[in-house]
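As a plain string of letters, each chain reads:
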Amino acid sequence: RSINNFSEVKDALESFGFDSYQLEQLSLEQEVRLFSQANVIIGVHGAGLAAMIYSKNATVIEIFPPNTILTTYYILANEMGLDYDYIVGESIEESGGKSTKNQNFTVDTKKIINLIGRL
């Protein structure tokens, strides 16, 4: 699954000075350095968010696919004393009119802008 309007989301975040990274392209050393220096971490729910363990004083914003809210990274952020918030994506109806849990989805950029504005 992926964010269908990723370029729109990326543009909105870049307007606030954020950079985008593909963690699978970073070495462990680069990932540790990146997360240890991050003030805000924004990412889709998944294993990459576990790298918040290298953060000292960051805000974590987790993006969930539609119909999915899990507490895994909320609990981790809470245990580490990190601020945490989340956004739930919006379904895109697949052909046949059915939406599924693992499908691509969109993210409302206004929700992201509102969250960033509160930081």
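Here, every reference points to the structure presented above.
Computed from a prediction, not measured in an experiment: that's the story for all the values here. (Residues numbered from 1 in each chain as written. Predicted model: local features only at pLDDT ≥ 70, side-chain atom pairs only at ≥ 80, totals over all residues. Heavy atoms only, no water.)

## A word on unusual backbone geometry
Glycine aside, a negative phi is what most residues show, and trans is what most peptide bonds show.
Argument step 1. Positive phi, normally seen in glycine, also occurs at N67, with a value near 60°.
Argument step 2. Locating N67 in the fold gives a position in the loop between strand 2 (59–64) and helix 3 (72–80).
Argument step 3. A relative accessible area of 66% places N67 in the exposed class. (Helix = DSSP H or I, 4+ residues; strand = E, 2+ residues; numbered from the N terminus. Buried < 20%, exposed > 50% of the residue type's maximum accessible area, 1.4 Å probe, protein only.)

## Observations concerning the sheet that holds strand 2
Within a sheet, each strand pairs with its neighbour through backbone hydrogen bonds, oriented either parallel or antiparallel.
Argument step 1. Read from one edge of the open sheet, three strands run 1-2-3, paired in parallel fashion. Looking at the sheet topology across the chains shown, the edges are occupied by strand 1 (40–44) and strand 3 (83–88). Each adjacent strand pair in this sheet contributes to an overall mean axis angle of 15°, direction not counted.
Argument step 2. Direction of pairing for strand 2 relative to strand 3: parallel, over a ladder of six bridges. Directly across from F64, in strand 3, lies its bridge partner V88. (Pairing = 2+ DSSP bridges. Axes fitted to C-alpha atoms, helices over the stretch in contact; angles between N-to-C directions.)

## Digging into the packing of helix 1 (residues 6–14) against helix 4 (residues 109–117)
Argument step 1. Their axes nearest at 10 Å, the elements helix 1 and helix 4 cross at an angle of 20°. Viewed along their axes, helix 1 and helix 4 adopt a mutual orientation that is roughly parallel. Relative to helix 4, helix 1 is oriented so that their crossing is right-handed. The segment helix 1 lies against helix 4, with E8, V9, A12 and L13 engaging T109, I112, I113 and I116.
Argument step 2. Tallied by class, residues from the contact of helix 1 with helix 4 come to six nonpolar, one polar and one charged. (Parallel < 35°, antiparallel > 145°, perpendicular 65-115°, else oblique. Left-handed = near helix turned anticlockwise from the far one by under 90°. Contact = heavy atoms within 4.5 Å. Nonpolar A, V, L, I, M, F, W, Y, C, P; charged D, E, K, R; others polar.)

## Some remarks on the pattern of salt bridges
It is possible for side chains bearing opposite charge to pair when their charged atoms get close.
Argument step 1. One pass over the full model with this rule turns up three salt bridges.
Argument step 2. In this structure, E14 engages K10 in a salt bridge whose closest nitrogen and oxygen atoms are separated by 4.0 Å. Within this pair, E14 and its partner K10 are both found in helix 1, separated by four residues, close to a single helical turn.
Argument step 3. Accessibility expressed as a relative area gives 31% for K10, which makes it partly exposed. (Salt bridge = Lys/Arg side-chain N within 4 Å of Asp/Glu carboxyl O.)

## Digging into the nonpolar core
Argument step 1. One finds I41, L49, M52, V60, A77, L82 and Y84 to be the most contacted residues of the largest nonpolar core, which totals 13 residues.
Argument step 2. Of all elements in the fold, only strand 2 and helix 3 reach the threshold of two or more residues within this core.
Argument step 3. In terms of nonpolar packing, the next biggest core, distinct from the first, is built from twelve residues, I3, F18, I63 and F105 among them. (Core = buried A, V, L, I, M, F, W, Y, C linked by side-chain atoms within 4.5 Å.)

## Focus on the packing of aromatic side chains
Argument step 1. Scanning the model with the defined rule gives two aromatic pairs in all.
Argument step 2. Taken together, a centroid distance of 5.4 Å and an interplanar angle of 70° make the contact between Y74 and Y84 edge-to-face. Of this pair, Y74 sits in helix 3 while Y84 sits in strand 3, and the two are ten residues apart along the sequence.
Argument step 3. According to the relative accessible area criterion, Y74 is partly exposed, its value standing at 41%. (Phe/Tyr/Trp six-rings, centres within 6.5 Å; stacked < 30°, edge-to-face > 60°.)

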